[in-house]
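Chain by chain, the residues run as shown.
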Amino acid sequence: MEKLSRSLTGLMLAIFALLTGLAILLGTVGNLAHKSYLAALVLSALPLGLWLLLGKRKPAVPSLAERVGAGKTCLALTALCLVLSLAAALPLRLEPEVDAYTYWITALALSRGEPIPNPEFVAMFPHIMGYAAFLAPLLRLFGESLAVPAAANAVLGCLSGLCIFCLLLRWRDLRTAALGCLFWICCPSRLLFCEGVYADAYYTCLLLLFLTLTAYADRVRLPLMLGMGALGGLALRLMNTARPIGVIPMIALGIWILLLRGKKAKEPSGWLRWGAYLALVLAVYLPLGGLWNGYLEDRIGQETASVPGYSICVGFNMDTMGSYSEEDIARLHGIYWDTLSAEQAQQQMLDQAAERVRQADLGRLLPRKLATLLGNDEAGAYYDAPALGDTAYRLACMISNVYYYFLAGLALLGAFRLWKRREQGTFLLAPLYAIGLILSQMLVEVAARYHYSIIPVFVLLAACAGRKTEITSES
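I will try to describe carefully the structure that is included in this document. In this numbering scheme, every chain counts its residues from 1 along its sequence in written order. Totals for whole chains, interfaces and linings use all residues, but because this is a predicted model, local features are given only for residues with pLDDT of at least 70 and pairs of side-chain atoms are given and counted only at 80 or more. To get the side-chain values, all heavy atoms of the structure are used, and hydrogens and water are removed first.

1. Some remarks on the overall build of the protein
Okay, so step 1: Looking only at helices and strands, the protein features 22 helices and zero strands.
Okay, so step 2: Computed over the C-alpha atoms, the radius of gyration of the protein is 22 Å, within 12% of the 23 Å expected from 2.2 N^0.38 for a compact globule of 475 residues.
Okay, so step 3: Overall, the C-alpha framework of the protein stretches about 65 × 55 × 50 Å when taken along its three principal axes.
Okay, so step 4: The rule is simple: take the accessible area with a 1.4 Å probe, protein chains only, and divide by the maximum for that residue type; under 20% is buried, over 50% is exposed, in between is partly exposed. When burial is assessed residue by residue, the protein has 54% of its 475 residues classed as buried.
Okay, so step 5: Here Asp and Glu are counted as negative and Lys and Arg as positive; His is not counted, and neither are the chain ends. Lysine's charge is taken at NZ, arginine's at CZ, aspartate's at CG and glutamate's at CD. Seen as two clouds, the 39 positive and the 33 negative side-chain charges of the protein have centres 17 Å apart. The way it works is that DSSP assigns letters per residue, a run of H or I at least four long becomes a helix, a run of E at least two long becomes a strand, and they are numbered from the N terminus. Here the globule rule is a power law, 2.2 Å times the number of residues to the power 0.38, and the radius of gyration is based on C-alpha atoms.

2. Some words on the packing of aromatic side chains
Okay, so step 1: When the centres of two rings from Phe, Tyr and Trp lie within 6.5 Å, Trp using its six-membered ring, the rings pair. Their planes under 30 degrees apart give stacked, over 60 give edge-to-face, and anything left gives tilted. Counted according to the given criterion, the structure contains 25 aromatic pairs.
Okay, so step 2: Considering the side-chain rings of Tyr-131 and Tyr-202, the 6.1 Å spacing of their centres and the 45 degrees angle between planes classify their relative orientation as tilted. One end of the pair, Tyr-131, is in helix α7 (residues 128–142); the other, Tyr-202, is in helix α11 (residues 200–217), with 71 residues separating them in the sequence.
Okay, so step 3: Aromatic pair Tyr-404 and Phe-458: ring centres 5.9 Å apart, planes at 45 degrees, arrangement tilted. Linking Tyr-404 in helix α20 (residues 390–420) with Phe-458 in helix α22 (residues 455–463), this pair joins segments that are 54 residues apart in sequence.

3. Some details on the environment of Ile-329
Okay, so step 1: For Ile-329, the position within the fold is in helix α16 (residues 326–339).
Okay, so step 2: Residues Ile-329 and Ser-453, spaced 124 residues apart in sequence, show a C-alpha to C-alpha distance of 25 Å.
Okay, so step 3: Not counting chain neighbours up to four residues away, the residues in contact with Ile-329 comprise Phe-121, Phe-125, Tyr-310 and Tyr-324. Contacts are assigned to residue pairs that have any heavy atoms within 4.5 Å of one another.

4. Examining the packing of helix α8 (residues 147–171) against α11
Okay, so step 1: Where α8 contacts α11, the axes come no closer than 9 Å and their chain directions differ by 25 degrees. The angle between α8 and α11 falls in the class roughly parallel. By crossing handedness, the relation of α8 to α11 is classed as left-handed. Facing α8, whose interface residues are Asn-153, Leu-156, Leu-159, Ser-160, Cys-163, Ile-164, Cys-166, Leu-167, Leu-169, Arg-170 and Trp-171, α11 presents Ala-201, Tyr-202, Thr-204, Cys-205, Leu-208, Leu-209, Leu-211, Thr-212, Ala-215 and Tyr-216.
Okay, so step 2: Residue composition of the contact of α8 with α11, grouped by class: 16 nonpolar, four polar and one charged. Orientation is described by axes fitted as lines to C-alpha atoms, over the contacting stretch for helices, and by angles from 0 to 180 degrees between their N-to-C directions. Working rule for angles: under 35 degrees goes down as roughly parallel, over 145 as roughly antiparallel, 65 to 115 as roughly perpendicular, anything else as oblique. Two helices cross in a left-handed way if the nearer one is turned anticlockwise from the farther one by less than a right angle. They cross in a right-handed way if the turn is clockwise. Each residue is assigned to one of three groups, with Ala, Val, Leu, Ile, Met, Phe, Trp, Tyr, Cys and Pro labelled nonpolar, Asp, Glu, Lys and Arg labelled charged, and all others, Gly among them, labelled polar.

5. Observations concerning unusual backbone geometry
Okay, so step 1: One non-glycine residue, Met-321, adopts positive backbone phi at about 55 degrees.
Okay, so step 2: The residue Met-321 is located in the loop between α15 (309–315) and α16 in this model.
Okay, so step 3: Phi angles above zero are rare outside glycine, and Arg-422 is one such case at about 55 degrees.
Okay, so step 4: The class for Arg-422 is partly exposed, based on a relative accessible area of 36%.

These values are about where atoms sit, not about what they do.
As structure tokens, this is what we get:
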């Protein structure tokens, strides 16, 4: 079993590296119509090479972290993250448009206790309510200002940074934890996304909370471990309400427990503990889904859709190469107004999706979707463009992409380090989640923004790309 587990771990990390590397090559070298992507890739080679050269020495910042201790380092980095996030978000006051506008008006209605202004759209896309329900009490408490979601995103970014710090402290050491947190703090696209009324910072924070609970669960007594499993199930259900991908970390956990624990799979007590942990995650996650659906239908006044027919239909649209389609969204609305049923509208779109799958040229479609999802990191700049102006927008795109390619390069090296040392701990949940999200996006509508929650995976792996310190074995 141990030998099989090592082989499967190597295969999983190879799949992660293949998908990541291929996506970036397709988005740069394979997309010469936009030469700025290739230019950013070339420019990223300079900091990457410099980093690898200087990596033979002990970095000054992690050394400082060791001198002041974990608590003070964490506090200082969290404060820095909050200051930079607020400085990036609050001055812009970007007016919400399209998806952001939908989130905004839904959150306002919930905060005021008024009827949802777009019930038919929310019924067809119920995940809108997840982030809106998170924002609503904040709007009631602090007022109906666009500064509220911006500040909330900044705080969520800080909590995500705290989770990254704790994860790397558990998996490796203080120096690596400080480095990973700095990688996250300085990420340009993260800072740019603080401004918009989008759910990405919210569900990503919940994902990292689940990973943190899971990483520390095996270090506590069984009753507390079960409590952490229940909290993990709650985090994944909240994540799923904002974006329907909560099942992916759960599947990753199941795969790790069954196949990737190496020699620890021989310990009966480990099977008992991790089986109980997964059972508690499911025991909380599944019933809360029914409660949430009941709340939605009561608040919206109609049955919500249970299948993502539109997203799958768009995902196999050869005209838009799996990206947003005006024609398909118009068709969905047309079916809804004919049937007055969100479920029937999505079901009919699913029937059309089945026909598209049969006719799709997957050899052209899937590489294009992969490049759209992971080929660049300028979505944050794109959504902030109305407030940035042309020159600042172009500069933000270039900086975001250079940093992203640099981070991805280090992440690939970090994945190689994990393979080389035959890592079998909960660290593997991070690349497993990334693989699951990438593959799921090949089935549905794709956009560059949807890779936001993979950036922390790159950060975690990138921080472990150095040679100096071995990853701490998990007990």
